[in-house]
Structure formats: structure tokens, C-alpha cells
Amino acid sequence: MNWKNKICRNSRICSNSIKFIIVTIILLLFLGGGECMIYNKQFSFSGSYYMVEQYGFDNNGFADINIKKLELDGTIVQANSTIGGNNKTSVDNGSSPAYTGSTGGVIIPINNITLWICQDRDYQSVIGSTPTNTIETKLCDGTATLSNCPVNNIPLYQGFKGTFDIADSDMYRVIILKCTDSRSASMDMSFTLTNRNGQLEKGYLQLPLLYRYIMIIFCCLFFSVTTFWYYHKSSLNVLHIILYIVLVLKLILIIVQYSFWTDANNLGTYNMALWYIQNIFYSFSETAFFLTLFILSRGLRVTRQTLSRSELKTIFVVGFFLCGVLLFFRFYNDIYYFLSLMILYFFMMPKIFTNITKNLRILYSHSILSRYINNLEQVNNLSEKKRVFTNLRTSVVLYLGAILFVNSLRIVMVWSLYWLAFTLSEPIFILMITFLCYSFKPNNTSQSIFRNPNLDAVDFSEIAQNIQNLLNPVDPVLLSTIMEIRSFDPTTCHIIKYPSHQHSKYSLAVLEQPSLNDGEENDKKD
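Residues numbered from 1 in each chain as written. Predicted model: local features only at pLDDT ≥ 70, side-chain atom pairs only at ≥ 80, totals over all residues. Heavy atoms only, no water.

Residue-level account of the overall build of the protein, with values.
Within the protein one finds 13 helices and 15 strands. Among the 526 residues that make up the protein, the fraction classed as buried is 46%. Considering only intrachain contacts with a sequence separation of at least 6, the fraction spanning at least 24 residues in the protein is 80%. Surface summary for the protein: the accessible area is close to 27,100 Å², and the carbon and sulfur share equals 58%. (Helix = DSSP H or I, 4+ residues; strand = E, 2+ residues; numbered from the N terminus. Buried < 20%, exposed > 50% of the residue type's maximum accessible area, 1.4 Å probe, protein only. Contact = heavy atoms within 4.5 Å. Areas by Shrake-Rupley, 256 points an atom, 1.4 Å probe, with all protein chains shown as cover.)

Here is the structure:
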């Protein structure tokens, strides 16, 4: 039983896809969470400082610090100083040396360990902070500007608890400093870094609202396509099933991303199960979309009825390789993931352009023959197919340029504008998949691009070879007496098959005859 009959009788695509999405949403509600903006860290260090965490604060953020355990060379550090005010410390250390930074007058006690939260000015560069020029090094060297540290010189001890306000928006570092103490420190601390508008960093605060709107828009697109294809189910084919799979994968991905960022913003924890599902479906979605572009460029059900065994093997190998690489880099590092995606697209996209060009040549040749025999209905149908492939080539170029631009932004984007990359990438995909669904929509009219999909069955090389076999035995002089010899205008000659050393030395061409209207126009000019 073919695809058409299956779809007409059961409509399995729509019903099974909707059931799968509903089950996915229900499962997401019961997935557990992992730690993120609410941190619990255990670490040891023997150097002068330890950078605990980086966090992008918005205006009027705050930090909660709780030191569960603090030991220096195995000795518990007890409370020996009092905390006064919000971000100020009153320390009784006798003759402790003064910190001689750019503002001067700050006390760093000997044999003590202190808390600092400082603006990471070096992070604003494209590459980011370098190990030799971080704020921690400047603090110990006495060259830092203390006005960049709203929380500074807070003595720490086992059982310490404190809440600190961060007034200015910036990227900050939570630092444990012990510049004058050579002992090894062992710490167990929990801390919460929070913005007033949510738990996420400033660069990601807009993502829950963004994905809410993206989810609404994509759901409208999904149900619109489902409804339209259901009412035209008699015209559906395997190409529509492929497009529908891409829609389902992307819809699940958007729902997972919305749940992931919303939970993180509300609860202060990343749901690790959602994180794994998001990475998996991201790779599946990108792979399915690329393979769909490849299949569409081959002209399945438009210029050819089926794909050959070698083409199916190529699709499987390319898909497996692409999905494997994307999964590896997605779990390894997001930056490398998008870089690998750009590289793969760069090397694989030429194959898509080559396929589209071949189909346009086939359509051009058939269009000339159909026009020569005055088959206007076939000419109009071929023109519609040419228009679809021409638009497909243009859209693929625009889409490739857009994703290269957006993914490049992810690498060099300022930290506070990370959300902008998501704002650009998601609408680009929605526009592209909407265009594909509209261009290859089911249609049973005479102008449907799915009529007469066996155009590649006509082998012009075989026709040219047969003509050569007929003409080769004939003497050229005798041939010139038999056939009419006349001059012609090259601009009116359409070549549909060029000579070839492998197949035939002859070419196939159609000479366009002047129409009656053209003759009348020439008479008027005379």
C-alpha cells in the first residue's frame, strides 16, 4: 500500500504527531532539576585566589553567601571579626598591612581569607579575560580599582552568612582572596546569585518571554499546516511527511526550550533532564532540516518519482555523520557546536546547489520541447516547477547567510546581548520552514508541481546517441543534398543537449519559429 492510501485512510501523521507532543509535554512536568544559579560548591586551592563563579548581574541584583566549611591546612577558620553594614567589614587585626590599590586604605588581614565580588572589565573584550590580566591578579598586585568591587575585603570563616546588594549592571566575578597566606584552603560553600527580574543572568533574562512568543507562533504554524494538509490529504505524498517530521521535531524542541529557560528563571536551577533532551532534539532537528533541504533539491516527486539506492545511501551516511558531530559538540561546548554547524553547512551546501541547478536544466529542456509542440498546459506546469526551484535556491542562499551571521554573533556577542542571537535564529528558521511548507503544499490542480514527476526518465544523451547512430553511416555530401540547408539566427536556437566525447558528438537544439504576431510587428515597423 502506498503513502497516499495510508494517509487518506488513517491520517496517521496528524494524530500520532499530536499524541507524541502531548505525551512529551506531560513528561516534561515530572523531570527533575539540577543546580545552577543556586550553587553548592566544594573546592580546594593553594594559590593566592580562587575565582568561584562568573555572573551577569542586572541593576539591583543581590548575592547570598553561606560558608559551610572553611579550613586552612586542616585547621578550621573561626569567626574572629565582626561584619558591619552591607558591604563593609570592620576587622581588628592589629598591625595588618593595608591594601595599596588605586583607592588605598583597604585592609587585607594576614593569615586570613576574604570575599570579593568585582566587575569583570576584561570580559567586555571579544576574546574575554586572559589569565595574566584578570581582576584577581590585579587585586593581589595592588593595581586594581576598588570602585569596581562593590563587595570587597569581607573576612570569611566557617558558618559565615551574608547578603550583598549589587547595584550596577555588569559581569561580575565571585572571588576568594588570600594573597598573603600560603596555606592550602578547603571550602564548602553555597551561594545564590539573583537578579530582581529572575534567576537567570542578564544576558538570558529575556529568553523565557521570547520562547513563550516563539512557541505560540510555531504552534499556530504547526496547527495551520496540519489543518490545511488534513483537508488536502488526498494530495499528500512522502515529501509532506518529511516536512511534517521537521515541524514535529522543531515544535518539541521549542517546547523543551521554553520549559528549560522558564524553570531556570523561576527556580534558579537548570533542569538537567531538559538540558539533555534539548541537546538531543536540537541535533535531530538540525539534521532533519538539512536532509529535507537535500531531498527537496533532488526534486523528489517534482522532477523524479523516487530516489535511487545510492542516493538513499548518501542521505543515510550524511545524516548519520551530521547528527553524530552535532551531538558530540552540543554536549561538549555550545560555541564549538555552532562552529561545527557552520563548517558542515559550508561543505555540504554546494551539493544542494548542484542538485537544484541540475533540476533547473532538466525543466528548461522539457520546457523548450513542450513549447515547440505547443503543449501550453505542460509549459505552464514546468514554469511553476522552475519558479519553485529558483525560489528554493534563493531561499537556501539567504538562510545559509543568515545562520552564518547569527552563529557568528554567538561567538563575539557582548555577554548582555546573548538573548539577541536566539531572537534572530528562531524567526529565521520559522520563516524558512514556512516558505518550504507553502512552496511544496499539497495541490491537485493542473498547476500542481507534483504532476508529471518523471521528467528525469527522458535521457537526452540517449536521444543524441541514437541520432548519431543514424547519421554516421550517411556521407556528409549526400546528407547535405537530402536535408534542407539554410542559415539561422543563433539567438533563436535553444540547445537542450551539448556535444559530448563520451556520449554523442551531436547536439540537440530546437529552432524557435517566428510567430504570426512577430511577423505583423515587423511589417508595422517596415
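Account for the pairing of strand S3 (residues 61–72), with residues named and values stated.
Sheet analysis places S3 next to strand S11 (residues 161–166), joined by six bridges and oriented antiparallel. Note that in S11 the partner of Ala-63 across the bridge is Phe-164. Bridging between S3 and strand S13 (residues 185–194) involves 10 bridges; their strand directions are antiparallel. Bridging from a neighbouring strand, Ile-67 pairs with Met-189 of S13. Of the strand pairs in this sheet, S3 and strand S4 (residues 75–76) are connected by two bridges, and their pairing is antiparallel. Each residue of the ladder has a partner; that of Leu-72, found in S4, is Thr-75. What sits between the antiparallel neighbours S3 and S4 is a turn of two residues, in which Asp-73 has the positive phi angle 55 degrees. (Pairing = 2+ DSSP bridges.)

With reference to specific residues and values, describe unusual backbone geometry.
Non-glycine residue Asp-73 carries a positive phi angle of around 55 degrees. Tracing the backbone shows Asp-73 in the loop between S3 and S4. The backbone of Arg-301 shows a phi angle near 65 degrees, a positive value even though the residue is not glycine. Along the polypeptide, Arg-301 turns up in the loop between helix H6 (272–298) and helix H7 (309–332).

If you had to explain the sheet that holds strand S9 (residues 114–119) to someone new, which residues and values would you point to?
With antiparallel pairing, the four strands of this open sheet are ordered in space as S2-S12-S9-S10. The open sheet is flanked by strand S2 (49–57) and strand S10 (151–155), the only strands paired with a single partner. Along the sheet, successive strands turn relative to each other by an average axial angle of 15 degrees, direction set aside. Sheet topology note: the S2/strand S12 (residues 170–177) ladder contains eight bridges and is antiparallel. By the bridge assignment for S12, Phe-57 is matched with Asp-170. (Axes fitted to C-alpha atoms, helices over the stretch in contact; angles between N-to-C directions.)

Could you give an account of the state of the cysteines, with specific residues and numbers?
Under the definition given, this model contains one disulfide. Note on Cys-219: no disulfide assigned, nearest cysteine sulfur contributed by Cys-220 at a separation of 7.1 Å. A residue is classified by how much of its surface remains accessible, and Cys-219, at 22% relative accessible area, is partly exposed. (Disulfide = S-S within 2.5 Å.)

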